[in-house]
Amino acid sequence: MKILIPSYNRAGNVSTYHKIDDSIIVVPESQYKDYVKHYDKSRLFVIPDKLDGNVARKRNAILDNYPDKEIFMIDDDLINVKEIKTGRKLNSIEFTRLIESGFDIINGLGLHFFGFNWSNQPLHNNPEIPFSFTKRFYAGVGIVKNELRYDESLTRLEDTDYWLQQTRKDKATFRFNNYHVQCKIYSSSKNQKGGITVKSEKDYENTLIKKWGGKVLKYSKKKELLASSPYKGI
(Lines give C-alpha, C1' and ligand atoms only; values in the text may rest on other atoms or scores of the structure.)
Protein backbone atom coordinates (compact mmCIF):
# COMPACT_ATOMS: atom_id res chain seq x y z
CA MET A 1 0.00 0.00 0.00
CA LYS A 2 1.27 3.45 -0.96
CA ILE A 3 -0.04 6.91 -0.11
CA LEU A 4 0.10 9.03 -3.27
CA ILE A 5 -0.40 12.78 -3.59
CA PRO A 6 -1.48 14.07 -7.02
CA SER A 7 -0.02 17.57 -7.39
CA TYR A 8 0.26 20.23 -10.09
CA ASN A 9 2.11 23.57 -10.00
CA ARG A 10 2.43 23.49 -6.21
CA ALA A 11 6.16 22.95 -5.74
CA GLY A 12 6.96 24.14 -2.20
CA ASN A 13 3.28 24.17 -1.18
CA VAL A 14 2.44 20.47 -0.76
CA SER A 15 1.41 20.40 2.90
CA THR A 16 0.40 16.73 2.74
CA TYR A 17 4.02 15.70 2.11
CA HIS A 18 5.04 16.99 5.54
CA LYS A 19 2.04 15.56 7.38
CA ILE A 20 2.18 11.96 6.13
CA ASP A 21 5.50 10.13 6.36
CA ASP A 22 6.64 8.20 3.27
CA SER A 23 3.88 9.70 1.11
CA ILE A 24 4.77 10.16 -2.55
CA ILE A 25 3.99 13.20 -4.71
CA VAL A 26 2.88 12.51 -8.29
CA VAL A 27 4.06 15.24 -10.68
CA PRO A 28 4.19 15.84 -14.45
CA GLU A 29 7.62 15.43 -16.03
CA SER A 30 7.96 19.10 -16.98
CA GLN A 31 7.53 20.17 -13.32
CA TYR A 32 9.90 17.65 -11.78
CA LYS A 33 12.80 20.16 -11.68
CA ASP A 34 10.66 22.52 -9.59
CA TYR A 35 9.44 19.88 -7.15
CA VAL A 36 12.84 18.26 -6.60
CA LYS A 37 14.09 21.59 -5.21
CA HIS A 38 11.69 21.17 -2.29
CA TYR A 39 11.18 17.43 -1.82
CA ASP A 40 13.25 14.27 -1.64
CA LYS A 41 13.48 12.82 -5.15
CA SER A 42 12.84 9.34 -3.72
CA ARG A 43 9.37 10.61 -2.78
CA LEU A 44 8.49 11.91 -6.24
CA PHE A 45 6.73 9.81 -8.88
CA VAL A 46 6.92 11.32 -12.36
CA ILE A 47 4.36 10.84 -15.10
CA PRO A 48 4.50 12.07 -18.73
CA ASP A 49 2.93 15.48 -19.33
CA LYS A 50 0.40 13.92 -21.72
CA LEU A 51 -1.04 11.93 -18.79
CA ASP A 52 -1.58 15.11 -16.76
CA GLY A 53 -3.41 18.43 -17.11
CA ASN A 54 -6.69 17.19 -15.67
CA VAL A 55 -7.37 15.71 -12.21
CA ALA A 56 -9.21 12.67 -13.56
CA ARG A 57 -6.47 11.98 -16.13
CA LYS A 58 -3.81 12.21 -13.45
CA ARG A 59 -5.68 9.83 -11.13
CA ASN A 60 -5.99 7.37 -14.00
CA ALA A 61 -2.26 7.69 -14.70
CA ILE A 62 -1.64 6.69 -11.09
CA LEU A 63 -3.97 3.70 -11.36
CA ASP A 64 -2.40 2.63 -14.66
CA ASN A 65 1.27 3.24 -13.88
CA TYR A 66 1.93 2.90 -10.16
CA PRO A 67 2.71 -0.78 -9.49
CA ASP A 68 0.96 -1.31 -6.14
CA LYS A 69 -2.47 -2.94 -6.24
CA GLU A 70 -3.63 -0.94 -3.21
CA ILE A 71 -3.36 2.84 -3.53
CA PHE A 72 -4.46 5.61 -1.22
CA MET A 73 -4.80 8.96 -3.04
CA ILE A 74 -5.03 12.18 -1.05
CA ASP A 75 -5.15 15.86 -2.00
CA ASP A 76 -1.91 17.81 -1.77
CA ASP A 77 -3.22 20.53 0.56
CA LEU A 78 -4.01 18.50 3.69
CA ILE A 79 -4.66 20.49 6.87
CA ASN A 80 -5.21 17.61 9.28
CA VAL A 81 -7.05 14.37 9.96
CA LYS A 82 -9.40 14.53 12.95
CA GLU A 83 -11.38 12.24 15.16
CA ILE A 84 -14.69 14.10 14.87
CA LYS A 85 -16.14 13.51 18.35
CA THR A 86 -13.06 14.65 20.26
CA GLY A 87 -11.42 16.94 17.71
CA ARG A 88 -8.14 15.10 18.27
CA LYS A 89 -5.71 15.30 15.35
CA LEU A 90 -4.18 12.04 14.17
CA ASN A 91 -0.46 11.91 13.60
CA SER A 92 1.14 10.30 10.56
CA ILE A 93 1.52 6.86 12.15
CA GLU A 94 -2.08 6.79 13.39
CA PHE A 95 -3.46 7.87 10.04
CA THR A 96 -1.36 5.35 8.14
CA ARG A 97 -2.58 2.56 10.43
CA LEU A 98 -6.17 3.69 9.89
CA ILE A 99 -5.63 3.53 6.12
CA GLU A 100 -4.17 0.03 6.45
CA SER A 101 -7.24 -0.97 8.46
CA GLY A 102 -9.43 0.41 5.67
CA PHE A 103 -7.75 -1.85 3.13
CA ASP A 104 -8.05 -4.84 5.46
CA ILE A 105 -11.77 -4.16 5.84
CA ILE A 106 -12.65 -3.72 2.16
CA ASN A 107 -10.53 -6.69 1.13
CA GLY A 108 -12.37 -8.80 3.67
CA LEU A 109 -15.73 -7.56 2.38
CA GLY A 110 -14.86 -7.89 -1.30
CA LEU A 111 -15.11 -4.12 -1.88
CA HIS A 112 -12.71 -1.83 -3.75
CA PHE A 113 -13.17 1.69 -2.36
CA PHE A 114 -13.09 3.42 1.04
CA GLY A 115 -12.72 6.86 2.54
CA PHE A 116 -13.61 9.20 5.38
CA ASN A 117 -16.42 11.51 6.49
CA TRP A 118 -16.72 14.63 4.30
CA SER A 119 -17.93 16.68 7.29
CA ASN A 120 -16.12 17.43 10.54
CA GLN A 121 -19.26 18.62 12.31
CA PRO A 122 -20.34 16.50 15.32
CA LEU A 123 -23.99 17.12 14.35
CA HIS A 124 -23.34 15.22 11.10
CA ASN A 125 -21.75 12.31 12.90
CA ASN A 126 -23.30 9.61 15.07
CA PRO A 127 -20.48 7.87 16.97
CA GLU A 128 -22.75 4.84 17.38
CA ILE A 129 -22.57 4.33 13.60
CA PRO A 130 -18.80 4.17 13.04
CA PHE A 131 -18.99 3.23 9.37
CA SER A 132 -21.29 3.40 6.35
CA PHE A 133 -21.67 1.51 3.09
CA THR A 134 -23.81 4.05 1.21
CA LYS A 135 -22.25 7.45 2.01
CA ARG A 136 -20.08 9.52 -0.34
CA PHE A 137 -16.50 10.60 0.43
CA TYR A 138 -13.59 12.36 -1.25
CA ALA A 139 -10.23 14.16 -0.58
CA GLY A 140 -8.60 10.94 0.68
CA VAL A 141 -9.61 7.61 -0.91
CA GLY A 142 -8.36 4.04 -0.77
CA ILE A 143 -8.61 2.01 -3.98
CA VAL A 144 -8.04 -1.66 -4.63
CA LYS A 145 -7.31 -1.55 -8.35
CA ASN A 146 -9.97 -2.86 -10.71
CA GLU A 147 -11.23 -2.01 -14.18
CA LEU A 148 -12.91 1.27 -13.16
CA ARG A 149 -11.32 4.59 -14.10
CA TYR A 150 -12.07 8.26 -13.50
CA ASP A 151 -14.13 9.99 -16.19
CA GLU A 152 -11.64 12.28 -17.95
CA SER A 153 -14.41 14.36 -19.50
CA LEU A 154 -15.11 15.71 -15.99
CA THR A 155 -12.63 18.36 -14.93
CA ARG A 156 -14.62 18.76 -11.72
CA LEU A 157 -16.78 16.32 -9.73
CA GLU A 158 -14.72 13.40 -11.03
CA ASP A 159 -14.54 12.16 -7.43
CA THR A 160 -18.35 12.00 -7.13
CA ASP A 161 -18.60 10.18 -10.44
CA TYR A 162 -15.95 7.65 -9.39
CA TRP A 163 -17.74 6.99 -6.09
CA LEU A 164 -20.93 6.33 -8.06
CA GLN A 165 -19.04 3.97 -10.39
CA GLN A 166 -17.68 2.00 -7.44
CA THR A 167 -21.11 1.96 -5.79
CA ARG A 168 -22.69 0.56 -8.95
CA LYS A 169 -19.96 -2.08 -9.25
CA ASP A 170 -19.97 -3.44 -5.69
CA LYS A 171 -23.36 -2.18 -4.43
CA ALA A 172 -21.41 -0.62 -1.53
CA THR A 173 -18.33 1.35 -0.55
CA PHE A 174 -16.85 1.75 2.95
CA ARG A 175 -16.62 5.01 4.90
CA PHE A 176 -15.10 5.69 8.31
CA ASN A 177 -17.76 8.01 9.75
CA ASN A 178 -15.84 9.12 12.85
CA TYR A 179 -12.82 10.55 11.04
CA HIS A 180 -12.51 13.57 8.77
CA VAL A 181 -9.78 14.40 6.24
CA GLN A 182 -9.63 18.19 6.08
CA CYS A 183 -8.03 19.87 3.08
CA LYS A 184 -8.02 23.51 2.03
CA ILE A 185 -11.11 24.90 0.34
CA TYR A 186 -10.56 27.51 -2.34
CA SER A 187 -13.39 29.96 -2.88
CA SER A 188 -11.93 31.09 -6.21
CA SER A 189 -8.93 30.61 -8.47
CA LYS A 190 -7.55 33.97 -7.28
CA ASN A 191 -6.45 32.60 -3.92
CA GLN A 192 -5.42 29.20 -5.23
CA LYS A 193 -1.69 28.53 -5.48
CA GLY A 194 -1.18 25.90 -8.12
CA GLY A 195 -3.62 23.15 -8.99
CA ILE A 196 -5.63 23.04 -12.19
CA THR A 197 -7.99 25.96 -12.69
CA VAL A 198 -11.37 25.20 -14.28
CA LYS A 199 -14.56 27.03 -15.18
CA SER A 200 -17.78 27.01 -13.16
CA GLU A 201 -18.95 23.71 -11.70
CA LYS A 202 -22.48 24.17 -13.04
CA ASP A 203 -21.80 22.61 -16.44
CA TYR A 204 -20.13 19.60 -14.80
CA GLU A 205 -23.04 19.24 -12.38
CA ASN A 206 -25.49 19.14 -15.28
CA THR A 207 -23.32 16.61 -17.11
CA LEU A 208 -23.25 14.41 -14.03
CA ILE A 209 -27.01 14.62 -13.53
CA LYS A 210 -27.57 13.61 -17.16
CA LYS A 211 -25.18 10.68 -16.73
CA TRP A 212 -26.58 9.30 -13.47
CA GLY A 213 -30.13 10.64 -13.24
CA GLY A 214 -32.09 12.55 -10.65
CA LYS A 215 -32.57 9.65 -8.25
CA VAL A 216 -28.97 9.68 -7.08
CA LEU A 217 -28.07 13.32 -7.82
CA LYS A 218 -30.19 16.25 -6.69
CA TYR A 219 -29.83 19.79 -5.40
CA SER A 220 -30.27 20.70 -1.74
CA LYS A 221 -32.17 23.78 -0.57
CA LYS A 222 -28.80 25.56 -0.56
CA LYS A 223 -28.36 24.62 -4.24
CA GLU A 224 -25.56 22.17 -3.43
CA LEU A 225 -25.41 19.01 -5.53
CA LEU A 226 -25.98 15.96 -3.34
CA ALA A 227 -25.13 12.40 -4.29
CA SER A 228 -26.75 9.38 -2.70
CA SER A 229 -26.52 5.65 -3.16
CA PRO A 230 -29.49 3.92 -4.82
CA TYR A 231 -28.94 0.96 -2.51
CA LYS A 232 -30.40 0.65 0.98
CA GLY A 233 -28.21 0.48 4.05
CA ILE A 234 -26.33 2.61 6.56
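Residues numbered from 1 in each chain as written. Predicted model: local features only at pLDDT ≥ 70, side-chain atom pairs only at ≥ 80, totals over all residues. Heavy atoms only, no water.

*Asks:* So what's going on with the overall build of the protein chain? Which residues, and what values?
*Replies:* The secondary structure content of the protein chain amounts to 6 helices and 11 strands. In terms of C-alpha radius of gyration, the protein chain reaches 17 Å, essentially the compact-globule figure of 17 Å for 234 residues. Considering only contacts in the protein chain between residues 6 or more positions apart, those separated by 24 or more positions represent 67%. Total accessible area computed for the protein chain in this model is approximately 12300 Å², and 49% of it derives from carbon and sulfur atoms. Counting 39 positive and 29 negative side-chain charges, the protein chain places the centres of these two groups 6 Å from one another. (Helix = DSSP H or I, 4+ residues; strand = E, 2+ residues; numbered from the N terminus. Rg over C-alpha atoms; globule rule 2.2 N^0.38 Å. Contact = heavy atoms within 4.5 Å. Areas by Shrake-Rupley, 256 points an atom, 1.4 Å probe, with all protein chains shown as cover. Lys, Arg positive; Asp, Glu negative; His and termini not counted. Charge placed at Lys NZ, Arg CZ, Asp CG, Glu CD.)

*Asks:* How would you explain the packing of aromatic side chains if you had to name every residue and give the values?
*Replies:* Two aromatic rings, taken as a pair, are described by how far apart their centres are and by the angle between their planes. Per the stated rule, a full pass over the model turns up 18 aromatic pairs. Considering the side-chain rings of Tyr 35 and Tyr 39, the 6.1 Å spacing of their centres and the 35° angle between planes classify their relative orientation as tilted. The exposure class of Tyr 39 is buried, given its relative accessible area of 4%. With a centroid separation of 4.9 Å and an interplanar angle of 40°, the aromatic rings of Phe 113 and Phe 137 are classed as tilted. Taken together, the positions of Phe 113 in strand E6 (residues 113–117) and Phe 137 in the loop between strand E7 (131–132) and strand E8 (140–144) put the pair 24 residues apart, joining distant regions of the chain. Judged by relative accessible area, which is 2%, Phe 113 ranks as buried. For Phe 137, a relative accessible area of 1% translates into the label buried. Chaining the aromatic ring pairs together yields one cluster made of Phe 72, Phe 95, Phe 103, Phe 114, Phe 116, Phe 131, Phe 133, Phe 174 and Phe 176. A cation over an aromatic ring shows up here: Arg 43 above the ring of Tyr 17, its NZ or CZ 3.7 Å from the ring centre. (Phe/Tyr/Trp six-rings, centres within 6.5 Å; stacked < 30°, edge-to-face > 60°. Buried < 20%, exposed > 50% of the residue type's maximum accessible area, 1.4 Å probe, protein only. Lys NZ or Arg CZ within 6 Å of the ring centre and 35° of its normal.)

*Asks:* Now, about the packing of helix H5 (residues 158–170) against helix H6 (residues 202–212): what can you tell me, with residues and values included?
*Replies:* For the pair H5 and H6, the least separation of the axes is 11 Å and the interaxial angle reads 15°. By the angle class used here, H5 and H6 are roughly parallel. Along this stretch, H5 crosses H6, giving a crossing that reads as right-handed. Residues Thr 160, Asp 161, Leu 164, Gln 165 and Arg 168 of H5 pack against Leu 208, Lys 211 and Trp 212 of H6. Within the contact of H5 with H6, the residues separate by chemical class into 3 nonpolar, 2 polar and 3 charged. (Axes fitted to C-alpha atoms, helices over the stretch in contact; angles between N-to-C directions. Parallel < 35°, antiparallel > 145°, perpendicular 65-115°, else oblique. Left-handed = near helix turned anticlockwise from the far one by under 90°. Nonpolar A, V, L, I, M, F, W, Y, C, P; charged D, E, K, R; others polar.)

*Asks:* Account for the confidence of the model for the protein chain, with residues named and values stated.
*Replies:* Here the protein chain averages 92 in pLDDT, and 93% of its residues register 70 or above. A low-confidence stretch, residues 188–192 stays under pLDDT 50, and its non-local contacts, those more than four residues away or across chains, total 4 contacts. (pLDDT = per-residue confidence, 0-100.)

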